[in-house]
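# Fold and geometry: a report
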Amino acid sequence: NLILREAYQPLAYGVETVDLDFNLDPQATVVTSRLKCVRNPDAAAGPVVLFGEALELVSIAIDGAAPAEGQVRKTESGLEVNVSADEVVLTIVTRINPSANLTLSGLYQSRGGFYTQCEAEGFRRITYFPDRPDVMARYTVRLEADAATCPVLLSNGNLLETGTLPNGRHFARWEDPFLKPSYLFALVAAELSALERTVTTMSGRDVLLQVWVEARDLDRVEHAMDSLIHSMRWDEEVFGLELDLDRFMIVAVSDFNMGAMENKGLNIFNTKYVLANPDTGTDLDFENVESVVAHEYFHNWTGNRVTCRDWFQLTLKEGLTVFRDQQFTADMMARASDSPAAAASARAVTRIANVRGLRSGQFPEDAGPMAHPIRPDSYQEINNFYTATVYQKGAEVIRMILTLLGREGFRNGMDLYFSYHDGQAVTCDDFVGCMAEANGADLDLFMRWYSQAGTPRLKAEGAWDAATGTYTLTLSQSTPPTPGQPEKLPLHIPVAVGLIGPDGADLPLRLEGEANAGDTTRVLNLKEASRSWRFTGLAAEPVPSVLRGYSAPVILEIDEDDERLAFRMAHDADPFNRWDAAQRFMERVVLGLAADAAAGRKLEVPQAFGHAFRALLVNESLDPAFVAETLALPSEAYLLERMQPADPAPLRAALIHLMREVGQAMQADFLGRYLDLEVEGEYRYHPADAGKRSLRNLCLRYLAAWGGPTAIDLAAKQFEHAGNMTERYGALAALVQSDAPQRTEALAAFHDRYRDDALVLDKWFMLQATAWRWSDAAPTTLDQVRALMANPAFSLSNPNKVYSLLGGYFKSNAAEFHRPDGAGYAFWAEQVVALDRNNPQVASRMARALEGWRKFTPEIQARIRVALEQVAATEGLSPDVAEIVGKALG
Ligand code: ARG
Ligand code: ZN
């Protein structure tokens, strides 16, 4: 069942107003919907089309009367109602069973409360409706529920009225003054408490902010509230965008498929992205809360006020909103910096995290059977397309527009976008059209980023002519074929370039034909398969620094020997590229060691690498957060992508060898930095403190990898005396990588301390699922994962638990999952099928762990194929999982 982007047609009837009445009951909720349907003059004639799924239709009336014989037709996807008038009122009553809804899409229960998730197509699981984003309507909602179990009744917009009813029930009425598509509808009915704040917006309106959580969690919501207020201020200052409602609510729920959801005025969040205090959340958790809160808040303009015409345009709101939250995070990281260089380094730390995510999450997707452009051309199940490509690569595409147009030009484009399209459901072409129009820019070629899948390769070659003092840089591009796109065309790639002089300082750049030398970083616009640029007036051969700040989402191919990488690790003025030089050096060393391990050769870490690594480790003038990033290994997922063919066992051997050698050889330096970087005083979430803790924990990991008794003692001591979760977790993460008895003790102590804390236990599950095996003992992780599934705190119906334990094992422990006897794959097949019976979205996410199977050695492929075929042959498979395994086997 393939949906095509090209097949888009507006519906014959839209909806002007929606009145919803919910009589909430765990097993039998009755939903009465009154829809004013209006003929769309721009659409071909046709019936009123209503989608419905897993619904019991109680009644339908047309303008208050029973339908005529044959007037309402049941279809595969819902109902069609034949009407002749241009306006008609449909009254539809459905009955649903929230307690049995384990898909977590539509209306469902979590810990006794009622919650909704409607994006992308969950509203049709609540009532019959033209459930498409191009149908925008005004909503009023009445909720009725048991007052004892559901004292809090929330929906979108403004509260109109509350009241009590007989039989212990009560009600509330809500009205959303803004037009919205059905995917932004939400309700919550539960026993919750709120942290509240009143703030004044830039135009002087007082607005009420609420973060709703279970009462026992009230001591961990402060940070989410602060994050919300920071987000509001930032959007006002940077984009001139203000909150448009009198009330803005965030609700945390324990059972949630994704991270969070931007329902108008009523954001619903996975507890993981709301709750954090020093005792339960790491610095990374604090950072994630801040960025997800910002992301959902920013959607109010980029997503809600202007939404998507159809789901193929998903990146219109997601790519743009990820870009906005990344910019916000970078600004928050830099806010405490005391110099421009410090601010640049702080911003680079955010950029590095973004690019790490892209390389380990999006690159594999782009290289596998699910490869798609950021605006896909087809899908079988839209829930499979909330992808790293649509989100992360989509954000990179927006970032390139910023690079091309500049800050002011970009802002002008945004202003024009809102002035043209506020209150509308639009396309990616509309967005880029505004950017072009506001700047008189030609972005026609640039649009190829929206239609072409795959990660482009950018090749850079330099030629030095000493006689004329000219350096010629030739840039060439090519994109490998992806499913359905055998031929690729050149893209418009902005390439930020600098030239480094022999003393390590950046050189002012002068292109041939220019009178004077200008900036030290220039953006070269590559629009053809290959082109050269000549830099003149140079006294000696420079070292190029290409793709500074990661100016385009491509794989840079540049021939650099160890010496040159070490030089850029020491001197590149662009902090991103300095980090990248270190990553490239590590990648080369690790893949070299892996090849040696595969061939049974002796493993030896090159000396030049050790020197370059140590120089960064001991460099106290650098921001510790930045140093921690430069010394952290590339992810295994990314390295597997770079290894041809991918082979997890020798790769793991190489990584372990490298960490051990480095940890041992530099134990004194690691220890020295560890001791120096101790953060005094009470925990606060602050980039400077977080950076120190991050580098300290990295030192501890290398020391624990070496494994000397002093190292294990140090980790055990940090675990015991930790004053916050970042230190406690950092110590546990180091201990888990050892065979020392302290490992078992720490795991037990951690479990005992947090036995009733679901979110913290997720960390405990995750650490055990992702732990490396440092000895030659037989693999045991699978047995441990199975054993942990029997732990009373684990549940297959809670997505966070599945993502931590099963996701950790399938996606972040390659050497264990791909064990040579194939037992990991059999377990994967068993779990995907079990999950799919209740929650196809979660099952599909786990299924995706094996989609990249063709990159592995032939022996590994043969074993994976068995498991894929087993899942594919399962009867009653959801469209979600069927699409993934179908494309994988394809
Ligand atoms: N719009 C949400 C966000 O990015 C994601 C919701 C995705 N939900 C889903 N069922 N696919 O913030
Ligand atoms: Zn989003």
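What counts as what
- Residues numbered from 1 in each chain as written.
- Chains lettered and ligands numbered in written order.
- Predicted model: local features only at pLDDT ≥ 70, side-chain atom pairs only at ≥ 80, totals over all residues.
- Helix = DSSP H or I, 4+ residues; strand = E, 2+ residues; numbered from the N terminus.
- Rg over C-alpha atoms; globule rule 2.2 N^0.38 Å.
- Buried ≥ 20, exposed ≤ 12 C-beta atoms within 10 Å, placed from the backbone.
- Contact = placed C-beta atoms within 7 Å.
- Core = buried A, V, L, I, M, F, W, Y, C linked by C-beta atoms within 7 Å.
- UniProt positions renumbered as here; feature names shortened; annotations may be inferred.
- Pairing = 2+ DSSP bridges.
- Axes fitted to C-alpha atoms, helices over the stretch in contact; angles between N-to-C directions.
- Parallel < 35°, antiparallel > 145°, perpendicular 65-115°, else oblique.
- Left-handed = near helix turned anticlockwise from the far one by under 90°.
- Nonpolar A, V, L, I, M, F, W, Y, C, P; charged D, E, K, R; others polar.
- Near = placed C-beta within 6 Å.
- pLDDT = per-residue confidence, 0-100.
- Expected span 1.5 Å × (residues − 1).

## Examining the overall build of the protein chain
The helix and strand inventory of the protein chain stands at 26 helices and 30 strands. Against the 2.2 N^0.38 benchmark of 29 Å for 890 residues, the protein chain shows a C-alpha radius of gyration of 28 Å, consistent with a compact globule. Here the C-alpha coordinates of the protein chain stretch approximately 90 × 70 × 60 Å along the principal axes. Across the 890 residues of the protein chain, 51% fall into the buried class. For the protein chain, contacts bridging at least 24 residues in sequence account for 71% of all contacts bridging at least 6.

## Side note on the nonpolar core
One finds Val 188, Val 251, Val 274 and Ala 715 to be the most contacted residues of the largest nonpolar core, which totals 263 residues. Once residues lying within four places of it in the same chain are set aside, the contact partners of Val 251 are Leu 154, Val 188, Leu 192, Trp 212, Leu 266, Ile 268 and Phe 269.

## Considerations on the UniProt feature "domain: Peptidase M1 alanyl aminopeptidase C-terminal" (unreviewed entry) in the protein chain
In the numbering used here, UniProt assigns the "domain: Peptidase M1 alanyl aminopeptidase C-terminal" (unreviewed entry) feature to residues 562-889. Taken end to end, residues 562-889 comprises 72% helix and 0% strand; its first and last C-alpha atoms sit 40 Å apart.

## Structural notes on the UniProt feature "domain: Peptidase M1 alanyl aminopeptidase Ig-like fold" (unreviewed entry) in the protein chain
This chain's UniProt record puts "domain: Peptidase M1 alanyl aminopeptidase Ig-like fold" (unreviewed entry) on residues 454-558. Spanning residues 454-558, this segment combines 0% helix with 44% strand, and its end C-alpha atoms are found 19 Å apart.

## Description of the sheet that holds strand β24 (residues 457-465)
Strand pairing in a sheet takes place through backbone hydrogen bonds and is either antiparallel or parallel in direction. Across the sheet, 4 strands lie side by side as β28-β25-β24-β30; this open sheet has mixed pairing. This sheet does not close on itself; its edge strands, each paired only once, are β28 (530-535) and β30 (555-558). Strand-to-strand twist across the sheet, computed as the mean angle between neighbouring axes with direction ignored, equals 20°. As paired elements, β24 and strand β25 (residues 470-478) share 9 bridges and run antiparallel to each other. Its bridge partner lying in β25, Leu 458 is registered against Gln 477.

## A closer look at the sheet that holds strand β29 (residues 543-546)
Ordered by their spatial adjacency, 3 strands build an open sheet running β27-β26-β29, and the pairing between neighbours is antiparallel. The open sheet is flanked by β27 (521-526) and β29, the only strands paired with a single partner. Averaged over neighbouring strand pairs, the angle between their axes works out to 35° when direction is ignored. Where strand β26 (residues 493-500) and β27 come together, 6 bridges link them in antiparallel fashion. Bridge pairing links Ala 496 to Val 523 in β27.

## Let's talk about the pairing of strand β2 (residues 13-23)
Pairing analysis gives 10 bridges linking β2 to strand β3 (residues 29-39), with the strands arranged antiparallel. Looking at the pairing, Val 15 lines up with Cys 37 of β3. Pairing analysis gives 7 bridges linking β2 to strand β11 (residues 136-146), with the strands arranged parallel. Looking at β11, one finds that Leu 20 is bridged to Val 141.

## Description of the packing of helix α17 (residues 725-736) against helix α19 (residues 758-770)
It is the contact of α17 with α19, at a shortest axis distance of 10 Å, that shows an interaxial angle of 25°. Here α17 lies roughly parallel to α19, going by the angle between them. In this structure, the crossing between α17 and α19 has a hand that is right-handed. When α17 is examined against α19, the residues Tyr 729, Leu 732, Ala 733 and Val 736 are found in contact with a partner set consisting of Lys 763, Leu 767 and Gln 768. Taken together, the residues that form the contact of α17 with α19 break down as 5 nonpolar, 1 polar and 1 charged.

## Digging into unusual backbone geometry
Note that the residue after Glu 119, namely Ala 120, is joined by a cis bond; omega there is 0°. Mapped onto the elements of the fold, Ala 120 is located in the loop between β10 (113-117) and β11. Omega for the peptide link from Gln 644 to Pro 645 comes to -5°, which places this bond in the cis form. Position of Pro 645 relative to the elements: it lies in the loop between α12 (636-642) and α13 (648-665). Phi is positive for Arg 111, close to 45°, though the residue is something other than glycine. Among the structural elements, Arg 111 can be located in the loop between β9 (106-110) and β10. For Arg 111, a count of 12 C-beta atoms within 10 Å corresponds to the exposed category. Even without glycine at this site, Leu 547 takes up a positive phi of about 70°. Note on placement: Leu 547 falls in the loop between β29 and β30. Judged by the 24 C-beta atoms lying within 10 Å of it, Leu 547 is buried.

## Describing the pairing of β26
Counting buried positions over the 8 residues of β26 gives 7, a clear majority of the element. Pairing geometry for β26 and β29, over 4 bridges, is antiparallel. Residue pairing in the sheet places Gly 498 in a bridge with Ser 545 of β29.

## Remarks on the site of ligand 1
Around ligand 1 there are 13 residues in total, and Glu 119, Met 258, Met 261, Asn 383 and Tyr 386 lie nearest to it. Listed by contribution, the elements that provide at least two residues to the shell around ligand 1 are β19 (260-261) and α2 (283-298). Here the residues of the shell around ligand 1 are counted per class, giving 5 nonpolar, 4 polar and 4 charged.

## Brief notes about the confidence of the model for the protein chain
When pLDDT is low, close inspection of the predicted coordinates is not appropriate. Confidence along the protein chain averages 98 in pLDDT terms, with 100% of residues attaining 70 or more. Here the complex is predicted with pTM 0.99, and the ipTM for its interfaces comes to 0.98.

## Considering α17
An ideal rise of 1.5 Å per residue puts 16 Å on 12 residues; α17 measures up with 16 Å between its terminal C-alpha atoms. The element α17 is largely enclosed, with a buried count of 12 among its 12 residues. Turning to α17, its buried residues number three or more, namely Met 725, Thr 726, Glu 727, Arg 728, Tyr 729, Gly 730, Ala 731, Leu 732, Ala 733, Ala 734, Leu 735 and Val 736. Turning to α17, the residues buried within the fold contact α2, α15 (687-706), α16 (709-721), α18 (741-753) and α19.

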